[in-house]
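Structural overview for review
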Amino acid sequence: MAIQIPVDVVGRTVSWIPSKSSARLEGEVVRVGFQWPYPRDKRGLPTLKKQITVLLPDERVLNINCEQEDISRLGMRAEDQGEIAW
């Protein structure tokens, strides 16, 4: 089993399939941050939700939730699988 390369790094190229009937999209991560205003949980407390901003080749900008379950659902993965210094 290989270790997944993180997608929440600025400058990294990522790809994903938004829905079953669409083609694979590819873009570059230009910003990593938290969703604002903070969403509330069931008890009314603010929760931090990670969000990435991706620039597509056709100049569209997408804000995508970057929690682990969101990445798994979209099938998002890092395209540049180069050397990682641990």
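Residues numbered from 1 in each chain as written. Predicted model: local features only at pLDDT ≥ 70, side-chain atom pairs only at ≥ 80, totals over all residues. Heavy atoms only, no water.

**Considering the pattern of salt bridges**
Here is the rule: Any Lys or Arg side-chain nitrogen found within 4 Å of a carboxyl oxygen on Asp or Glu counts as a salt bridge. Exposure is judged per residue with a 1.4 Å probe applied to protein chains only, and the accessible area is read against the type maximum: over 50% gives exposed, under 20% gives buried, and values in between give partly exposed.
Across all of its chains, the model carries 5 salt bridges by this definition. The salt bridge partner of Arg77 is Glu79, with a shortest N-O separation of 3.5 Å. On the accessibility criterion, Arg77 (37% relative accessible area) is partly exposed. Note on Glu79: relative accessible area 28%, which makes it partly exposed.

**Section: the nonpolar core**
Counted only if it meets this: Take the buried Ala, Val, Leu, Ile, Met, Phe, Trp, Tyr and Cys residues and link them wherever side-chain atoms come within 4.5 Å; each set so joined is a nonpolar core. In DSSP terms, a helix is any run of H or I states spanning at least four residues, a strand is any run of E spanning at least two, and both are numbered starting from the N terminus. Whether two residues are in contact is decided by their heavy atoms: any pair within 4.5 Å suffices.
Of all hydrophobic cores here, the largest spans 14 residues; its most connected members are Val7, Val14, Trp16, Ile52, Val54, Ile64 and Met76. Going through the elements one at a time, β1 (13-16), β3 (50-55) and α1 (68-74) are the ones with two or more residues in this core. For Ile64, the residues in contact, after removing those within four places along its chain, are Trp16, Lys50, Gln51, Ile52, Val54, Leu74 and Met76.

**Considering the environment of Gln35**
Topologically, Gln35 is positioned in the loop between β2 (25-34) and β3. You can call Gln35 partly exposed: its relative accessible area is 23%. Along the primary structure Gln35 and Cys66 are separated by 31 residues, whereas in three dimensions their C-alpha atoms are 9.8 Å apart. Apart from the residues lying within four places of it in its own chain, the contact partners of Gln35 are Lys49, Gln51 and Asn65.

**Some thoughts on a nonpolar patch on the surface**
Using the following cut-off: Patch membership requires more than 30% relative accessible area and the absence of a salt bridge. Residues of like charge join within 9 Å; the nonpolar side chains Val, Leu, Ile, Met, Phe, Trp and Tyr join within 5 Å. Calculation of accessible area relied on Shrake-Rupley with a 1.4 Å probe; when residues are assessed, cover is drawn exclusively from the protein chains displayed.
A cluster of nonpolar side chains, namely Phe34, Trp36, Tyr38 and Leu48, defines an oily patch on the protein surface of about 490 Å² accessible area. Here Trp36 falls in the exposed class, since its relative accessible area comes to 66%.

**Considering the sheet that holds β2**
The test is simple: Following DSSP output, two strands are said to pair if at least two bridges run between them.
An order of β4-β3-β2-β1-β5 is seen for the 5 strands of this open sheet, with the pairing classed as antiparallel. The sheet is open, and its two borders are formed by β4 (61-65) and β5 (77-78), each paired with just one other strand. Where β3 lies against β4, 5 bridges are found, and the strand directions are antiparallel. Its bridge partner lying in β4, Thr53 is registered against Asn63.

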